[in-house]
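# Notes for the structure review
One-letter residues, chain by chain:
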Amino acid sequence: FTLDRSAVIVQANLAGTTLLGLTRERPASGRLAMFVSETDRQTFSTCIDQAFASREAQTCEVSLWRETGTPRRVQISALSVEDGRICRVVVVDVS
């Protein structure tokens, strides 16, 4: 995923869209935090905020809620690029 400074999804590849349980007809959009379980949202926000602030890779583990209603435990790796304007996020399913 590519996120802007507000953690809004700017770009998502097919693997990311599929991980969220979405389709090409309904691509990922909005804030990625919308897909993070409520109990893990603070962890996710801190990870993304630290990635933007430090410009160093940050990692965290959270649960994502999919459109299908099935949660997935994932590891998030985030790194701010392009002078801190965007953040590249890699999401790996660890469930």
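Read on for an overview of the structure. (Residues numbered from 1 in each chain as written. Predicted model: local features only at pLDDT ≥ 70, side-chain atom pairs only at ≥ 80, totals over all residues. Heavy atoms only, no water.)

Along the chain, the position of Thr 39 falls in the loop between helix H1 (14–19) and helix H2 (41–54). Its relative accessible area of 71% is what places Thr 39 among the exposed residues. Residues Thr 39 and Val 89, 50 residues apart in the sequence, show an inter-C-alpha distance of 20 Å. (Helix = DSSP H or I, 4+ residues; strand = E, 2+ residues; numbered from the N terminus. Buried < 20%, exposed > 50% of the residue type's maximum accessible area, 1.4 Å probe, protein only.)

Right, let's get into the sheet that holds strand E5 (residues 86–93). Strands sit in the order E2-E1-E5-E4-E3 across an open sheet of 5 strands; the sheet is antiparallel. Among the strands making up the open sheet, the edge pair consists of strand E2 (9–11) and strand E3 (58–65). Taken over all neighbouring pairs, the strand axes of this sheet differ in orientation by 40° on average, direction set aside. Sheet topology places E3 next to strand E4 (residues 71–81); 8 bridges connect them, and they run antiparallel. (Pairing = 2+ DSSP bridges. Axes fitted to C-alpha atoms, helices over the stretch in contact; angles between N-to-C directions.)

Take H2 next. Counted at 1.5 Å a residue, the expected span for H2 with its 14 residues is 20 Å, and the 20 Å between its end C-alpha atoms agrees. Here H2 has its buried residues at Phe 44, Cys 47, Ile 48, Ala 51 and Phe 52. The arc that holds the buried residues of H2, viewed along the axis, is 130°, so those residues lie on one side. Pointing more than 90 degrees away from the buried face of H2 are the exposed residues Gln 42 and Ala 53. On its buried face, H2 is in contact with strand E1 (2–4), E3, E4 and E5. Arg 55 occupies a position one or two residues after H2 and carries a positive phi of about 60°. (Expected span 1.5 Å × (residues − 1). Arc of directions from axis to C-beta. Contact = heavy atoms within 4.5 Å.)

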